[in-house]
Amino acid sequence: MLSPRSVLITGANRGIGLELVRQFLQLETPPRHVFATCRCPDKAEDLHTLAKSSSAVSVLKLDVSVPASFPRAREEVEVILQGSGLNLLINNAGTIDRADLSSVTVESMQSLYLTNTIGPLFLAKELLPLIQKAAKASPGQPMSCSKAAIVNMTSKVGSMADNRSGGRYPYRISKAGLNMVTKNLSVDLMSDDILSTSLHPGYVKTDMGGPSALITAEQSVQGMLTVMAGLNTETNGLMLDYAGKIIPW
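Model, not experiment: these values are computed from the prediction.

About the thresholds
- Just so you know, the residues in each chain are numbered from 1, in the order the chain's sequence is written.
- This being a predicted model, a pLDDT of at least 70 is required before a residue's local features are given, and a value of 80 or more before pairs of side-chain atoms are given or counted; all residues contribute to the totals for chains, interfaces and linings.
- No hydrogens and no water enter the side-chain calculation; it runs on all heavy atoms of the structure.
- For the purposes of this section, nonpolar cores are sets of buried Ala, Val, Leu, Ile, Met, Phe, Trp, Tyr and Cys residues that join through side-chain atoms within 4.5 Å.
- With a 1.4 Å probe rolled over the protein chains alone, any residue whose accessible area is under 20% of its type maximum counts as buried; one over 50% counts as exposed, and the rest are partly exposed.
- Per the convention used, a helix needs a DSSP run of H or I reaching at least four residues, while a strand needs a run of E reaching at least two, with both numbered from the N terminus.
- By definition, residues are in contact when any of their heavy atoms lie within 4.5 Å.
- In this analysis, the expected span of each helix is defined as 1.5 Å times one less than the number of residues it contains.
- Two strands pair under a simple rule: DSSP has to find at least two bridges between them.
- Convention adopted: a line fitted to C-alpha atoms gives each axis, helices being fitted over their contacting stretch, and angles between N-to-C directions are expressed from 0 to 180 degrees.

1. Points about the nonpolar core
Step number 1: Judged by nonpolar contacts, the single largest core of 39 residues is most densely connected at Leu20, Val21, Phe24, Ile90 and Met228.
Step number 2: Of all the secondary-structure elements, those providing two or more residues to this core are strand S1 (6-9), helix H1 (15-25), strand S2 (33-38), helix H2 (45-52), strand S4 (88-91), strand S5 (149-153), strand S6 (195-200) and helix H6 (217-230).
Step number 3: Contacts of valine 21, omitting those with residues within four sequence positions, involve Ile9, Ala12, Val34, Ala36, Leu47, Leu50 and Val57.
Step number 4: Of all hydrophobic cores here, the second largest spans 26 residues; its members include Leu8, Leu89, Leu128 and Leu189.

Have a look at this one:
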């Protein structure tokens, strides 16, 4: 059963992030703390509406493309947790650029790499002491998303084995980099009993996915929460889709 005491979700103002907040609150045992972060909280009307329905939700300002802002966000989380650890970090925020070989630019590569790869890595690094504290609070328990975990929202277009169409240079490469972040974390944090896994949410009808996508955010998140509930030592360091299928690197 998925039952983290605390979870932090980036990019929580819309799409998959907002739906993650909504469905975590609907769990049989919902988190005591849901840290819903986004770049512009003042404009996140849907998120604030959701936050009003539950005292568990804390809306925080956090821009994953500005790592210098992470310490302040971590301090806010620490104050709210009051000495407890952070059980689950979901690096959901990201951006897309479909530039092909003829149109890709240095700027587009740098921008996506910063948001999709560097940001998640350094946010995990910033929050690591809190995640380690959560892991230490449950000694002897197996690795899980309820104990201590980092889940990185990836895309199967970052899979080299799955790449049969080329193109989308900034997005593909930034997600492939994120997958390596996941794999590295899974190795480096294994001794701390901290799980690290990449999840592919599917082709989702969001602002990024567009109206022609195959599934809704609700369907995607339902699947991913089921997958998260089953993550363990065996799935540490893997890339899975929202149905639990392993995607090759």
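2. Description of helix H5 (residues 169-188)
Step number 1: The end-to-end C-alpha separation of H5 is 28 Å, in line with the 28 Å expected for 20 residues at 1.5 Å each.
Step number 2: On its buried side, H5 packs onto helix H4 (106-136), S5, S6 and strand S7 (239-241).

3. Things to note about the sheet that holds S5
Step number 1: On the basis of which strands lie adjacent, the open sheet formed by seven strands has the order S3-S2-S1-S4-S5-S6-S7 and parallel pairing. Two strands bound the open sheet, and with one partner strand each, they are strand S3 (57-61) and S7. Averaged over neighbouring strand pairs, the angle between their axes works out to 20° when direction is ignored.
Step number 2: Relative to S6, S5 runs parallel, the two sharing five bridges.

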